[in-house]
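What the coordinates show
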Amino acid sequence: TQFNQTALAFTKPHESTIFGQAKRSNSKKNFPFQTVPRTSSSSSVLLESSSGEIEGKHELLLAEAINLNTTCASAILSEVDQMRKMGASRDSIEQYLDNLLSSGPDATLPFWARSKRLARFSRRARMASLRRTLDITTPPPSESEDESDSTAADASQQRRRRRAFMALLRALESEERGMDGRVPSIVSLEKKATQDLKEDSANLRNRLPEGLETPEYEVLSRRDSIQKSIEIRRYKPYSTCAVSMDKPRPTNSSNTDAKVQMPDIGGASSFGALAGYLFGKNDKSTAMKMTTPVFTSTISDENGKQMEFVLPSEYWNANSLSEAPQPLSGSGVTLQQKESEERAVLLFGGYASKKEVEKRKKELAAALSKDLEWKEGEEAPTVAQYNDPFTVP
């Protein structure tokens, strides 16, 4: 599940937070806000065939995948992998996924299939469960998408739904059965997706990715309520690599950038630039470990937005940062030292869409305007996103 913080703090596809600049009331010091988830199968599908018999096999695989047979999810994912290896066009792969969607969760279902209690016994009720889970986990439009063009908006919606579908298949592939071995996999996933919409602080913190380095902090104060969780944190120094999100990438960016799976997603080119640096396209050809979160913030009206990755902890002070691998010329990537600072952080789950971030910024600003100890600083909020784009929100 994605996790976000708005700092108004940090964000996770989705834990996120929005970090906002905060300062103690009657204090001279200002603090910035921040806004801040296979095995191959012997089963084979004849890709060139469009016969009803083959389509029926596809439908059967999906029906079994959302029930209790995780190997069927693996089989579908393996088919997509095999199509790519065989040089199938992007249109062919998309058509394959669209056929699964149109004959499964997006097909016309009887009204009684909406009953969640029937999902243990009915294939169509399980498909309805898959539809609800897809509705929850399909990403919102990116900031760059024009929703005024209905044709383009429909195509964008379908692309995002395919993305959510692939993420769910990966989740189904690794889903464990219930205690009695009879709870359909999609029922468990729908329950998790629904729970992850709840924004209690304990639930959000449990969704942070494990095993990745993240900036260290201490919680100075906490304001928890049913609707939101706000923390005042004091961060220790750390370092980042940063790149502009507004400047076009150079024509020879393949020399400096990592290839991204979904280049149409907002911020993909900036992500690729930073990933390229972190994973070895630097002056030392040194691959570094992935960290969390990914920060996005507005620097100024003139300089626009920037994206940042946190560097590994061995480069978190001014002296060691000078020893870090340097970005390649023309990459647009810079290294930045972050000093100790206090931030007001609002935790929230789901995708950090432009609309959602603006909503969270207002919530954090409103909460701080009523706080007797802390108030909003002058710097623009930062969004921190903690989970990879294929994490089911």
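Residues numbered from 1 in each chain as written. Predicted model: local features only at pLDDT ≥ 70, side-chain atom pairs only at ≥ 80, totals over all residues. Heavy atoms only, no water.

**With respect to the overall build of the protein chain**
Within the protein chain, the secondary structure is distributed over 10 helices and 12 strands. Burial status across the protein chain gives 49% buried among its 393 residues. (Helix = DSSP H or I, 4+ residues; strand = E, 2+ residues; numbered from the N terminus. Buried < 20%, exposed > 50% of the residue type's maximum accessible area, 1.4 Å probe, protein only.)

**Quick notes on the packing of helix α5 (residues 150-174) against helix α6 (residues 185-195)**
Between α5 and α6, whose axes approach to 10 Å, the crossing angle comes to 115 degrees. α6 is crossed by α5, and the crossing has right-handed handedness. Two secondary-structure elements touch here, α5 through Leu168, Ala171 and Leu172 and α6 through Ser185, Ile186 and Leu189. Grouping the amino acids of the contact of α5 with α6 by side-chain chemistry returns five nonpolar, one polar and no charged. (Axes fitted to C-alpha atoms, helices over the stretch in contact; angles between N-to-C directions. Left-handed = near helix turned anticlockwise from the far one by under 90°. Contact = heavy atoms within 4.5 Å. Nonpolar A, V, L, I, M, F, W, Y, C, P; charged D, E, K, R; others polar.)

**Some words on the pairing of strand β5 (residues 229-235)**
Of all seven residues that make up β5, six are buried, and the element is covered over most of its length. In terms of strand pairing, strand β4 (residues 217-224) meets β5 through seven bridges, oriented antiparallel. Counted as the bridge partner of arginine 223 is isoleucine 230 from β5. Taken together, the seven bridges between β5 and strand β10 (residues 341-349) define a ladder with antiparallel strand orientation. Looking across to β10, one finds that tyrosine 235 is bridged to glutamate 341. (Pairing = 2+ DSSP bridges.)

**Focus: the environment of tryptophan 112**
On the secondary structure map, tryptophan 112 appears in the loop between α3 (90-103) and α4 (123-137). For the pair tryptophan 112 and alanine 125, spaced 13 residues apart in the sequence, the C-alpha separation amounts to 7.7 Å. Sequence-distant contacts of tryptophan 112, that is, excluding residues within four places in its chain, are made with Leu118, Ser122 and Arg124.

**As for unusual backbone geometry**
Cis peptide bonds are those with omega within 30 degrees of zero, and the linkage from threonine 292 to proline 293 qualifies with 0 degrees. Mapped onto the secondary structure, proline 293 falls in the loop between α8 (268-278) and β7 (294-300). The phi angle at serine 285 is positive, at roughly 50 degrees, despite the residue not being glycine. On the secondary structure map, serine 285 appears in the loop between α8 and β7.

**Digging into the side chain of arginine 233**
Looking at the secondary structure, you find arginine 233 in strand β5. Exposure remark for arginine 233: the relative accessible area of 2% places this residue in the buried category.

**Quick word on the nonpolar core**
In terms of nonpolar packing, the biggest core is built from 32 residues, with Leu62, Leu130, Phe165 and Leu169 touching the most fellow members. Listing elements by their share of this core, those giving two or more residues are α1 (52-65), α2 (70-85), α3, α4, α5 and α6. Residues within four places of phenylalanine 165 in sequence aside, it is in contact with Leu62, Leu97, Leu100, Leu101, Leu130 and Leu134. One finds Val243, Leu274, Tyr315 and Leu321 within the second-largest nonpolar core, a separate group that totals 16 residues. (Core = buried A, V, L, I, M, F, W, Y, C linked by side-chain atoms within 4.5 Å.)

**Some words on the packing of aromatic side chains**
Evaluation of the coordinates by the stated rule reveals four aromatic pairs. With a centroid separation of 6.2 Å and an interplanar angle of 25 degrees, the aromatic rings of tyrosine 238 and phenylalanine 295 are classed as stacked. Note that tyrosine 238 is positioned in strand β6 (residues 238-244) and phenylalanine 295 in strand β7, a separation of 57 residues in sequence. Since its relative accessible area comes to 1%, phenylalanine 295 is described here as buried. Among the aromatic side chains, those forming a connected cluster through ring pairs are Tyr217, Tyr235, Tyr238 and Phe295. Note that arginine 233 overlies the ring of tyrosine 217, its terminal NZ or CZ placed 4.1 Å from the centroid. (Phe/Tyr/Trp six-rings, centres within 6.5 Å; stacked < 30°, edge-to-face > 60°. Lys NZ or Arg CZ within 6 Å of the ring centre and 35° of its normal.)

**As for a nonpolar patch on the surface**
Together, Phe111, Trp112, Leu118 and Phe121 make up an exposed nonpolar region whose accessible area comes to about 470 Å². Tracing the sequence through the fold places phenylalanine 121 in the loop between α3 and α4. The class of phenylalanine 121 is exposed, set by a relative accessible area of 68%. (Patch = residues over 30% accessible without salt bridge, like charges linked within 9 Å, V, L, I, M, F, W, Y side chains within 5 Å. Areas by Shrake-Rupley, 256 points an atom, 1.4 Å probe, with all protein chains shown as cover. Salt bridge = Lys/Arg side-chain N within 4 Å of Asp/Glu carboxyl O.)

**Let's talk about the confidence of the model for the protein chain**
On average, residues of the protein chain carry a pLDDT of 80, and 76% of them reach 70 or more. Below pLDDT 50 for its whole length, residues 6-13 participates in 116 contacts with residues either more than four positions away or in separate chains. Contacts of residues 27-54 to residues separated by more than four positions or lying in other chains number 127 contacts, the stretch itself having pLDDT below 50. (pLDDT = per-residue confidence, 0-100.)

**Some thoughts on the pattern of salt bridges**
One pass over the structure, following the stated rule, counts 21 salt bridges. Residues lysine 236 and glutamate 216 are paired through a salt bridge, measuring 3.6 Å at the closest nitrogen-oxygen approach. In this pair, lysine 236 sits in the loop between β5 and β6 while glutamate 216 sits in the loop between α7 (201-206) and β4, placing the two residues 20 residues apart along the sequence. According to the relative accessible area criterion, lysine 236 is partly exposed, its value standing at 48%. Its salt-bridge partner being glutamate 218, residue arginine 234 comes within 3.4 Å of it at the nearest N-O pair. Taken as a pair, arginine 234 in strand β5 and glutamate 218 in strand β4 lie far apart in primary sequence, 16 residues in all.

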